[in-house]
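# Structural overview
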There are 2 protein chains.
Amino acid sequence: MANITFTFEDSRISPVCVSSHAGERLLDIARAAEVAIDAPCNGNGTCRKCKVSIDGKIVLACETVVPADDLTVLVPATAGAFKTDIRTADLSDPRELAIFEKTLSDLAEFPAGKLFTTELVTLEQPNLDDPTNDLERLLTAVNAEHIALSAIRQLPKALRSDGELALLRTKNTVLNIGSPVPEPLGIALDIGTTTVVMLLANLNTGEILSKASAGNAQIRYGADVIHRIVEAERPGGLDKLNNAIIEETIKPLMRKLYAEAGVSGEQVYRFVVSGNTTMNHLFLKIAPDFIRLEPYTPAFNRLGALNASDLGLDVHAHCKLIAAPNVGSYVGGDITAGTLTSLLWKRSSGNVLFADLGTNGELVFGNGEFMFTCACSAGPALEGGDMSCGMRATDGAIDEVTIDAETLEPAFSVIGGGEAKGLCGSGIIDAIAELFRVGAIDGKGKFVKSGSRITETDGIMSYTLSPGVEITEVDIDNFIRTKAAIFSAIRTMLNAVGFTVGDIDEVLIAGGIGSAINFDNAVRVGMFPAIALDKYRYVGNSSLSGAYAMLLSNEAARKVDELARSMTYIELSTDPGYMEEFVAACFLPHTDAGLFCG
Amino acid sequence: MANITFTFEDSRISPVCVSSHAGERLLDIARAAEVAIDAPCNGNGTCRKCKVSIDGKIVLACETVVPADDLTVLVPATAGAFKTDIRTADLSDPRELAIFEKTLSDLAEFPAGKLFTTELVTLEQPNLDDPTNDLERLLTAVNAEHIALSAIRQLPKALRSDGELALLRTKNTVLNIGSPVPEPLGIALDIGTTTVVMLLANLNTGEILSKASAGNAQIRYGADVIHRIVEAERPGGLDKLNNAIIEETIKPLMRKLYAEAGVSGEQVYRFVVSGNTTMNHLFLKIAPDFIRLEPYTPAFNRLGALNASDLGLDVHAHCKLIAAPNVGSYVGGDITAGTLTSLLWKRSSGNVLFADLGTNGELVFGNGEFMFTCACSAGPALEGGDMSCGMRATDGAIDEVTIDAETLEPAFSVIGGGEAKGLCGSGIIDAIAELFRVGAIDGKGKFVKSGSRITETDGIMSYTLSPGVEITEVDIDNFIRTKAAIFSAIRTMLNAVGFTVGDIDEVLIAGGIGSAINFDNAVRVGMFPAIALDKYRYVGNSSLSGAYAMLLSNEAARKVDELARSMTYIELSTDPGYMEEFVAACFLPHTDAGLFCG
């Protein structure tokens, strides 16, 4: 047995020391010890990202077997960057925040501040004439069935300080005691297949105290839900995937939220999660195996009362865990929560198409009278995945592009100003739409013009927007499949329920595309149907805003439950017309160009 | 910042690596890192037990400040021996076990097996005609309000295996699912000031699957409850004391219980704790400060429904935590639980004196009509503490002694056979009673005879029973104060409620004295009143047997609650006669020898 000591370039991280046998692989030792070293290729030596330093020499952790002697490994500050990428919060973009706030102000019928009450009581201090114990003294003064342990812990000293006691309570339970008692807090969590976003809010006022986001650490087990399910089916796989989301993603984000707001987990009494059906299963460590097997049955759609501390989260022992309900295997809580904030259900006439475009695309079509829903596998292109220069809609991302028809020179804007580092969803749509508009690429996405910005590397043509930021034919091909999946899903679903795109009165787009989305361009590339542009609206991260609404209000949570029950789920994969629609849509804008004329 | 790596002579313990600043004391670093190094003197350099090895050199951790460089510290296998002394289970003595079993068989009116039911259901597997999700499918088939997360986790695979499902459930909640479902288990925990004992039992059958005991790791903060309370009042003190009992004592014992029985904490649905009032407070991390301050008011006597997982224990998320209720500041759950198994409350006539003699002595006097109770500070002499050669009633302990009046040669028995290592409570009583009977010591406990076994070291006389096992005048003095505290408490309490020792019809003795207790000798030294010896009975660890009864039966737990409510608490420390009685009893057998004639 040798001792392996991991030290960290990031001095805030304490060294980690473990025993190992000679011949074990360093990457496996690091994983077992929960030392974060990125390995997107899952340790097969191809991505070359798991670099660490031993005696000043850089090695790949996946290619290093440990010797019989003790070893000190220096983990560079960039390792685990994906995991610890919690500096870039969604909602850090003021435009996204404005959309979020507008969405919530539209939901004024579900106000905050009704979950808890603060009761003031004055108790006589214990004395020789009445030495009744503290808890019994309290119970004779207040009408409550339970006193939480945390409240009992506060009682002896609070009782013996001067003045009245403030009790934070629900109808039946006293949760905390103080003079004054700290405000109750809650967490809303949006678990995306690619990105996880969280916010911490004051449950009395709705004020957001801090927000944070990170990549979903499960990404190392595959980019989409099907790969994750397959991995979860392996021996120990469910534990690994649950560990990746709980220990590696959510817990660090929670620490960030608490540190930024200067609060402790003891104050957190409510935790709302919205995610797709697979994410919900993996979060709760429930086998998702049967989601992908006929008859495509989730283990659950709606859960009863659960306790967030059951998952080992650092929250109050009485913290309720509420999961936005799933509708089916591929339409989950992110969509039901998002449907709440879409306000689609408030429309008494006209038909709304609500589309949440992430790694999966989900659609809801309807109004206050009826709702149909379906899902398609969009892939991560719109969130920056699968693209050579893709990134999330955060600082450094190109989010708007125009290209001069003569010179092919681009003009673009970069989120946060500064140098361009990559392209977010809206930038990708713009760039490809513009390349197509100026005739640089054809309907198949192949370059048909030449110019100084169009180059070839290893037989692959690409267009350079900025030094190091380019779009390749492979990227364009990935994008075309994404937009085709979305468009064909819209068409197939509408067909299935007897509607056409002409019946759509409003289109609401949610997801990580970014607020700069240019709907003209999205229609130009054939992602969305050719209807009047003023019918389109971007609604931001509706899964998060829905979770936030559910966090503040039981009525909002009940409304989401009601919406989930009233949705009719349509399975596209068993629809014989879907594959035909998809193939027809794999062209710019579409093989049936007539659909995009006029 | 330097890295300190603790390595362990015990190869089963993984190295622990932490950062430190130069100048920090090694003992403090070890404590912060939860590295077990004994320091009974609390690190003031007097006990010299905190030995560790650095570069092959033995040093005291309390006297070593760390340098600016990295350091590797070897912790010897004997360090933390007190903490990890979990080999010696109470109930390992077959006589103790027989008493335990007899006690429980007397409680047949509270049978096991009524806490949970196993329901068998057959569900149709999901199919294309009815792809209802698993949880909803279950909920339509069974009548339950809640399905525990653990049960939902079992559901997908159990549902798709052949045959019927077995549900482990209470009236409202389905706790687990299987085919078959594992038996529900529970833990009974007796927290003594000095010794902690635990057992793991099958809740359906009552079968004891494993048992374990250890010293209470809080002992480093003081031998009695008053010292512990004073330590808990210091900044961070409550956390330290709670950590010592939960992390250092109870969690290792639970791991031992689980390993020995080959089960997981997930199967544990009920956890009953009995301890004195201070131990109960520290276990729950509730400030015990006001226990020792006028008007001597505990924070609680009886708790409502609590959850064992709130304390971070490795048990099922729905595991109920039940604490035997306290009666007052110095009569706690150990006594109310013990009173249940004493069966005192079943006597319709005659008066029973029930005495639990540990570090504290507690008395209950009464029958089915009335019950008085009081406490005295006996000190740890009867559990082997405060005695130069004292030990618990386990292998190697001398538990019975006779001394030849002519030669002063001893004859003794050793628990487990083999060589004598020390004296347990019954052995101490015998040895001192015999030394007094043969005239080797006088009524003040001073040696008045000489012989080869009576020697003097540093001015202190002692009697050697066996090589390395001796009784000193200091030991005898400690013992006399212990027996005086007990006897004077009995007298004062009886006086206070208008009874005399002549009114006692039965005496039940519980605690760590051991089953070999010789009541003739206990009366001879003036510990117990001089009444007919056939009225005395040893009832073993009644706190543990009471907790075990409460573990198996809600009715038993309710009965203990009822007993606690019906007890009248008498505060001896405010009784003006108590100190006088105590001083008079500090003599062998008593200054009023007439009390022990006839």
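Since this is a predicted model, take the numbers as computed values, not measurements.

This brings us to the overall build of chain A. For chain A, the count of helices and strands is 14 helices and 27 strands. Compactness check: chain A gives a C-alpha radius of gyration of 26 Å against a globular reference of 25 Å for 598 residues, within 12% of the reference. Dimensions of chain A, computed from the C-alpha atoms along their principal axes, are close to 95 × 70 × 50 Å. Out of the 598 residues in chain A, the part that is buried amounts to 60%. With the model as given, the accessible surface of chain A reaches about 22,700 Å², and the carbon-plus-sulfur share is 50%. If you average the places of the 49 positive and of the 76 negative side-chain charges in chain A, the two averages end up 1 Å apart.

Okay, helix 2 (residues 94–105) of chain A next. A rise of 1.5 Å per residue sets the reference length of helix 2 of chain A, with its twelve residues, at 16 Å; its end C-alpha atoms lie 16 Å apart and thus fit the reference within 8%. The secondary structure elements touched by the buried residues of helix 2 of chain A are strand 11 (195–202), strand 12 (208–215), helix 8 (333–342), strand 26 (536–540) and helix 12 (542–552) of chain A.

The next thing to look at is the interface of chain B and chain A. With 44 residues of chain B in contact, the opposing surface of chain A contributes 44 residues. When the two sides are added together, the surface that chain B and chain A hide from each other amounts to roughly 3,800 Å², 65% of it contributed by carbon and sulfur. Joining chain B to chain A, the criterion identifies four salt bridges. Between Glu136(A) and Arg302(B) there is a salt bridge, and its shortest N-O distance comes to 3.6 Å. Counting only elements with at least two residues in the side of chain B that touches chain A, the list comes to strand 1 (2–8), strand 2 (16–20), helix 3 (134–141) and helix 4 (149–159) of chain B.

Residue Ser179(B) is joined to Pro180(B) through a cis peptide bond whose omega torsion reads 0 degrees. A cis geometry characterises the amide bond from Glu294(B) onward to Pro295(B), with omega recorded as 5 degrees. As for its position among the elements, Pro295(B) is in the loop between helix 7 (277–283) and strand 14 (306–307). One non-glycine residue, Lys285(A), lies in the positive phi region at around 60 degrees. By the secondary structure assignment, Lys285(A) is in the loop between helix 7 (277–283) and strand 14 (306–307). Phi angles above zero are rare outside glycine, and Leu408(A) is one such case at about 60 degrees.

Evaluation of the coordinates by the stated rule reveals six cavities of 30 Å³ or more. Roughly 440 Å³ of internal volume is contained in the largest cavity. As for the largest cavity, its lining consists of 30 residues, of which Asp190(A), Glu383(A), Gly511(A), Gly512(A) and Asn541(A) are closest to the centre. Only strand 10 (185–191), strand 11, strand 16 (352–357), strand 26 and helix 12 of chain A provide two or more residues apiece to the lining of the largest cavity. Counted by class, the lining of the largest cavity contains six nonpolar, 15 polar and nine charged residues. A domain-level breakdown of the lining of the largest cavity finds at least three residues from each of domain 3 (347–380 + 484–574) and domain 4 (381–478) of chain A. Of the volumes computed, that of the second largest cavity is approximately 50 Å³. Every residue lining the second largest cavity is listed: Val225(B), Asn276(B), Thr277(B), Thr278(B), Ser329(B), Tyr330(B), Asn360(B) and Glu362(B). Its residues assigned to classes, the lining of the second largest cavity shows two nonpolar, five polar and one charged.

Our next topic: the pattern of salt bridges. Evaluated as defined, the whole model comprises 50 salt bridges over all chains. Glu506(A) is paired through a salt bridge with Arg347(A); the nearest N and O atoms lie 2.8 Å apart. Taken together, the positions of Glu506(A) in strand 25 (residues 506–511) and Arg347(A) in the loop between helix 8 and strand 16 put the pair 159 residues apart, joining distant regions of the chain. With a relative accessible area of 26%, Arg347(A) lands in the partly exposed category. The salt bridge partner of Arg302(B) is Asp561(B), with a shortest N-O separation of 3.0 Å. In this pair, Arg302(B) sits in the loop between helix 7 and strand 14 while Asp561(B) sits in helix 13 (residues 554–566), placing the two residues 259 residues apart along the sequence.

The subject of this paragraph is the relation of the copies chain B and chain A. Superposing chain B onto chain A takes a rotation of 180 degrees combined with a translation of 0.1 Å along the rotation axis, leaving an RMSD of 0.3 Å. As the rotation angle and translation indicate, the two copies are arranged about a two-fold axis. If distances are taken from each C-alpha of chain B to the rotation axis, the shortest is found for Cys17(B), at 2.7 Å. An overlap of 100% is found between the interface residues of chain B and their copies at the interface of chain A, pointing to a shared contact surface.

What follows concerns helix 13 (residues 554–566) of chain A. Residues and elements named next belong to chain A. Look at helix 13: 18 Å from first C-alpha to last across 13 residues, which is about the 18 Å you get at 1.5 Å a residue. Listed as buried for helix 13 are Ala556, Ala557, Lys559, Val560, Leu563 and Ala564. The buried residues of helix 13 all sit within an arc of 160 degrees when viewed along its axis, so they share a single face. Opposite the buried face of helix 13, at more than 90 degrees from it, the exposed residues are Arg558 and Arg565. For helix 13, the secondary structure elements touched by its buried residues are strand 13 (268–275), helix 8, strand 18 (371–376), helix 12 and strand 27 (567–569). The distance from a side-chain oxygen at the start of helix 13 to the backbone nitrogen of Glu555 is 3.1 Å, and the residue carrying that oxygen is Ser553.

Here the focus is the packing of helix 8 (residues 333–342) of chain B against helix 12 (residues 542–552) of chain B. Residues and elements named next belong to chain B. Interaxial distance between helix 8 and helix 12 falls to 7 Å at its minimum, and their mutual angle equals 80 degrees. As summarised for this structure, helix 8 and helix 12 are arranged roughly perpendicular, according to the angle between their axes. The segment helix 8 lies against helix 12, with Asp334, Ala337, Gly338, Leu340 and Thr341 engaging Ser542, Ser543, Ser545, Gly546, Ala547, Ala549 and Met550. Here the contact of helix 8 with helix 12 is composed, by residue class, of five nonpolar, six polar and one charged.

Residue and element names in this part refer to chain A. In space, the three strands of this open sheet follow the order 22-23-24, with antiparallel pairing throughout. The sheet is open, and its two edges are formed by strand 22 (454–457) and strand 24 (469–472), each paired on a single side. This sheet shows a mean twist of 40 degrees between the axes of neighbouring strands, independent of strand direction. Sheet analysis places strand 23 (residues 460–466) next to strand 24, joined by four bridges and oriented antiparallel.

Right, let's talk about the side chain of Glu231(A) for a bit. All names here are of chain A. Tracing the sequence through the fold places Glu231 in helix 5 (residues 225–233). In this structure the side chain of Glu231 is engaged in a polar contact, spanning 3.2 Å, whose partner is the side chain of Lys240. Ignoring any residue separated from it by four or fewer positions in sequence, one finds Glu231 in contact with Tyr221, Gly237, Lys240 and Leu241.

Moving on to the sheet that holds strand 24 (residues 469–472) of chain B. One key point about sheets: their strands pair by backbone hydrogen bonds, in either a parallel or an antiparallel sense. All names here are of chain B. The strand order across the open sheet formed by three strands is 22-23-24, and the pairing between neighbours is antiparallel. Of all the strands in the sheet, the pair left with one neighbour each is strand 22 (454–457) and strand 24. If you compare each strand with its neighbour and ignore which way they point, the axes differ by 40 degrees on average.

The next thing to look at is the packing of helix 5 of chain A against helix 6 (residues 237–261) of chain A. Residues and elements named next belong to chain A. Closest axis-to-axis distance for the helix 5/helix 6 pair is 6 Å, and the angle between their directions is 130 degrees. It follows from the interaxial angle that helix 5 and helix 6 lie oblique. Seen from helix 5, the contacting residues are Arg228, Glu231 and Ala232; seen from helix 6, they are Gly237, Leu238, Lys240 and Leu241.

This brings us to the pairing of strand 8 (residues 165–169) of chain A. Residues and elements named next belong to chain A. Of all five residues in strand 8, five are buried; the element is thus mostly enclosed. Residues Leu165, Leu167 and Arg169 of strand 8 are buried on one face, and the alternating residues Ala166 and Leu168, pointing to the opposite face, are buried as well. Where strand 8 meets strand 9 (residues 173–178), four bridges bridge the pair, whose relative direction is antiparallel. Across the sheet, the residue bridging to Leu167 is Ile177, located in strand 9. Here strand 8 hands over to strand 9 after three residues, the two strands then running antiparallel side by side.

All names here are of chain A. Residues of chain A with pLDDT of at least 70 account for 95%, and the chain-wide mean is 90. With pLDDT under 50 throughout, residues 80–89 is counted as low confidence; its partners more than four residues away or in other chains account for 30 contacts. The complex model carries a pTM of 0.84, and its ipTM stands at 0.84.

All names here are of chain B. Here Met461 lies in strand 23 (residues 460–466). Spatially, the C-alpha atom of Met461 lies 90 Å from that of Leu128, the residues being 333 residues apart in sequence. If sequence neighbours within four positions are ignored, Met461 has contacts with Phe447, Ile454, Thr455, Glu456, Ile471, Thr472 and Glu473.

What counts as what
Residue numbers restart at each chain and count upward from 1, following the sequence in its written direction. Chains carry letters from A onward and ligands carry numbers from 1 onward, assigned in written order. Reporting in this predicted model follows two pLDDT cut-offs: at least 70 for local features of residues, and 80 or more for side-chain atom pairs to be given and counted; totals over whole chains, interfaces and linings ignore these cut-offs and use all residues. By convention in this description, side-chain values take in all heavy atoms of the structure and omit both hydrogens and water. Strands are runs of DSSP state E lasting at least two residues, helices are runs of H or I lasting at least four, and both sets are numbered from the N terminus onward. Throughout, the radius of gyration refers to the C-alpha atoms, and the reference size of a globule is 2.2 Å times the residue count to the power 0.38. Relative accessible area decides the class of each residue, using a 1.4 Å probe on protein chains only: under 20% of the type maximum gives buried, over 50% gives exposed, and in between gives partly exposed. Only the protein chains shown count as cover for residues, with accessible areas throughout obtained via the Shrake-Rupley method and a probe of 1.4 Å. For the purpose of counting charges, residues Lys and Arg are taken to be positive, whereas Asp and Glu are taken to be negative. His and the chain ends are not included. Here the site of a charge means NZ on Lys, CZ on Arg, CG on Asp, or CD on Glu. A helix is expected to span 1.5 Å multiplied by its residue count minus one. Contacts are assigned to residue pairs with any non-hydrogen atoms lying within 4.5 Å of each other. Computed with a 1.4 Å rolling probe, the buried area is the accessible surface lost when two parts are put together, summed over both parts. Salt bridge, as used here: a side-chain nitrogen of Lys or Arg that lies within 4 Å of a carboxyl oxygen of Asp or Glu. In this analysis, the protein atoms alone were mapped onto a 1 Å grid. Cavities are point sets where a 1.4 Å probe fits without being able to get out; pockets are open sets with protein on both sides within 12 Å along at least five of seven lines; lining residues have an atom within 4 Å of a point. Grid points are joined across faces, edges and corners, and a volume is the space filled by probe spheres set on the points. Amino acids outside the nonpolar list (Ala, Val, Leu, Ile, Met, Phe, Trp, Tyr, Cys, Pro) and the charged list (Asp, Glu, Lys, Arg) are all regarded as polar, and Gly is one of them. Annotation comment: domain bounds sourced from an automatic or database domain assignment. Least-squares fitting of one copy onto the other uses the C-alpha atoms of those residues that reach a pLDDT of at least 70 in both copies. The directions considered for the arc are those from the helix axis to the C-beta atoms. Contacts described as polar in this section are N or O atom pairs within 3.5 Å, which, within protein, must combine one atom able to donate a hydrogen with one able to accept it, while residues neighboring in sequence count only if both atoms come from side chains. Axes here mean lines fitted to C-alpha atoms, for a helix over just the part in contact, with angles spanning 0 to 180 degrees between N-to-C directions. Any angle that falls under 35 degrees is termed roughly parallel, while one over 145 is termed roughly antiparallel, one within 65 to 115 roughly perpendicular, and all others oblique. Strands are labelled as partners when DSSP assigns at least two bridges between them. What pLDDT conveys is the predictor's confidence in a given residue, as a value from 0 to 100.

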